[in-house]
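Geometric and topological summary
Each chain, written out:
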Amino acid sequence: MKEFWRFLKFAFFSVSAGLVEMGSFALLNEFTDMPYWPCYLIALVLSVVWNFTLNRKFTFKSTANYSKAMLMVFAYYLVFTPLSTLLGHWLADGLGWNEYLVTGINMLLNFSTEFLYQRYVVFGKSIDTVD
């Protein structure tokens, strides 16, 4: 049951990060002349910092070294970001899919893979170490 509540907290904070990402993406997409990929990339970075900070403290309750944990998350995004950016660029600019649909698909992929990565790799050994 504890893991179920942990997942729900992660989902709640991910929704808030999704709002940060979608809001910043919408502002950049609607009010600049930038192509899809820089709008997505800037929005993704903003949401990652937001999501990591909240989940480290409230979801995983970890005392792990902040810099080390953030570097591990950075490593995840070294793989996820290029793949999702290329996928998004291909779908939105290449195939003409709606930019918001493409961003939503990338957000769902990010949500599912990031939870597993943070739960078992980043915070696996330091979970629930906050007093």
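Residues numbered from 1 in each chain as written. Predicted model: local features only at pLDDT ≥ 70, side-chain atom pairs only at ≥ 80, totals over all residues. Heavy atoms only, no water.

1. Comments concerning a nonpolar patch on the surface
- Side chains of L87, W90, L95, W97, L101 and L109 sit close together on the surface and give an oily, nonpolar patch of about 570 Å² of accessible area.
- Every element with two or more residues in the nonpolar patch is listed here: α3 (66-94) and α4 (99-122).
- The topology assignment puts L95 in the loop between α3 and α4. (Patch = residues over 30% accessible without salt bridge, like charges linked within 9 Å, V, L, I, M, F, W, Y side chains within 5 Å. Areas by Shrake-Rupley, 256 points an atom, 1.4 Å probe, with all protein chains shown as cover. Salt bridge = Lys/Arg side-chain N within 4 Å of Asp/Glu carboxyl O. Helix = DSSP H or I, 4+ residues; strand = E, 2+ residues; numbered from the N terminus.)

2. A few points about the packing of aromatic side chains
- Summed over the entire model, instances satisfying the criterion amount to 19 aromatic pairs.
- Centroid distance F25 to Y100: 5.5 Å. Interplanar angle 85°. Geometry classified as edge-to-face. Taken together, the residues F25 in helix α1 (residues 2-31) and Y100 in helix α4 connect sequence positions 75 residues apart.
- The class of F25 is buried, set by a relative accessible area of 0%. (Phe/Tyr/Trp six-rings, centres within 6.5 Å; stacked < 30°, edge-to-face > 60°. Buried < 20%, exposed > 50% of the residue type's maximum accessible area, 1.4 Å probe, protein only.)

3. A short note on α3
- In this model, α3 (29 residues) spans 39 Å end to end at C-alpha, consistent with the 42 Å of a helix rising 1.5 Å per residue.
- The sharpest bend along α3 measures roughly 30° and falls at Y77.
- Listing the buried residues of α3 in full gives A69, V73, Y76, Y77, F80, T81, S84, T85, G88, L91 and A92.
- Residues of α3 that are buried make contact with α2 (36-59) and α4.
- One side-chain oxygen of the residue at the start of α3 lies 2.9 Å from the amide nitrogen of S67, identifying that residue as N65.
- Once α3 finishes, G96 follows within two positions and takes phi at roughly 80°, a positive value. (Expected span 1.5 Å × (residues − 1). Bend = angle between axes of the 7 residues up to and from the residue. Contact = heavy atoms within 4.5 Å. Polar contact = N/O pair within 3.5 Å; in protein donor to acceptor, adjacent residues only side chain to side chain.)

4. Digging into the layout of surface pockets
- Considering only enclosed or pocket space, the largest pocket measures out at about 250 Å³ in volume.
- Forming the walls of the largest pocket are 16 residues, and the residues nearest its centre are S14, A17, G18, M107 and F111.
- Counting only elements with at least two residues in the lining of the largest pocket, the list comes to α1, α2 and α4.
- Counted by class, the lining of the largest pocket contains eight nonpolar, six polar and two charged residues.
- Reported here for the second largest pocket is a volume of approximately 170 Å³.
- Lining the second largest pocket, in full, are L41, L44, V45, V48, V49, M70, V73, F74, Y77 and T81. (1 Å grid on protein atoms, 1.4 Å probe; cavity = no way out; pocket = protein on both sides within 12 Å on 5 of 7 lines; lining within 4 Å. Points joined across faces, edges and corners; volume = space filled by probe spheres on them. Nonpolar A, V, L, I, M, F, W, Y, C, P; charged D, E, K, R; others polar.)

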